[in-house]
Amino acid sequence: MDAAFKIGQRVRIKRIDNKNPSLRGSSLERYWGQTGQVSNYYSISPRLDQTFYIYTVAFGKDQKVVLYEDEIEKL
């Protein structure tokens, strides 16, 4: 499975509507709806048959956040 987003791509942080609030969703609440640019991404494979991607998204000069693939969308 290839990464859904590439370095330099503009993305928006999606609102996560979990019925059971988690730390993951609540910590991103302040970023929901903001747009940024993918500055890097990494793959992680907890098992041989699974690959997940996490992305570093930059906002402005000094602000960056690391997100899972399902937390961002293409513009």
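Okay, so let's go over this structure. (Residues numbered from 1 in each chain as written. Predicted model: local features only at pLDDT ≥ 70, side-chain atom pairs only at ≥ 80, totals over all residues. Heavy atoms only, no water.)

Here we look at the pairing of strand 2 (residues 35-44)
Both strand 1 (residues 10-13) and strand 2 contribute to a ladder of three bridges, which runs antiparallel. Paired with Val-11 across the bridge in strand 2 is Gly-36. Sheet topology note: the strand 2/strand 3 (residues 52-59) ladder contains seven bridges and is antiparallel. In the sheet register, Ser-43 faces strand 3, and the bridge partner there is Tyr-53. (Pairing = 2+ DSSP bridges. Helix = DSSP H or I, 4+ residues; strand = E, 2+ residues; numbered from the N terminus.)

Things to note about the sheet that holds strand 3
In spatial order, the strands read 4-3-2-1-5; together these five strands make up an open sheet with antiparallel pairing. Across the chains shown, the open sheet's two edge strands, defined by having one partner strand only, are strand 4 (63-68) and strand 5 (72-74). Put simply, the sheet's adjacent strands are angled 45° from each other on average, direction ignored. (Axes fitted to C-alpha atoms, helices over the stretch in contact; angles between N-to-C directions.)

A look at the packing of aromatic side chains
A complete count under the given rule lists four aromatic pairs for this structure. Ring centres of Tyr-31 and Phe-59 lie 5.8 Å apart, and the angle between their planes is 15°; on these two criteria the pair is classed as stacked. You can see Tyr-31 sitting in the loop between helix 1 (23-28) and strand 2 and its partner Phe-59 sitting in strand 3, a full 28 residues away along the chain. Considered together, Tyr-31 and Phe-59 belong to a single accessibility category, that of buried residues. Through a chain of ring-to-ring contacts, three or more aromatic side chains come together here, namely Phe-5, Tyr-41, Tyr-53 and Tyr-55. (Phe/Tyr/Trp six-rings, centres within 6.5 Å; stacked < 30°, edge-to-face > 60°. Buried < 20%, exposed > 50% of the residue type's maximum accessible area, 1.4 Å probe, protein only.)

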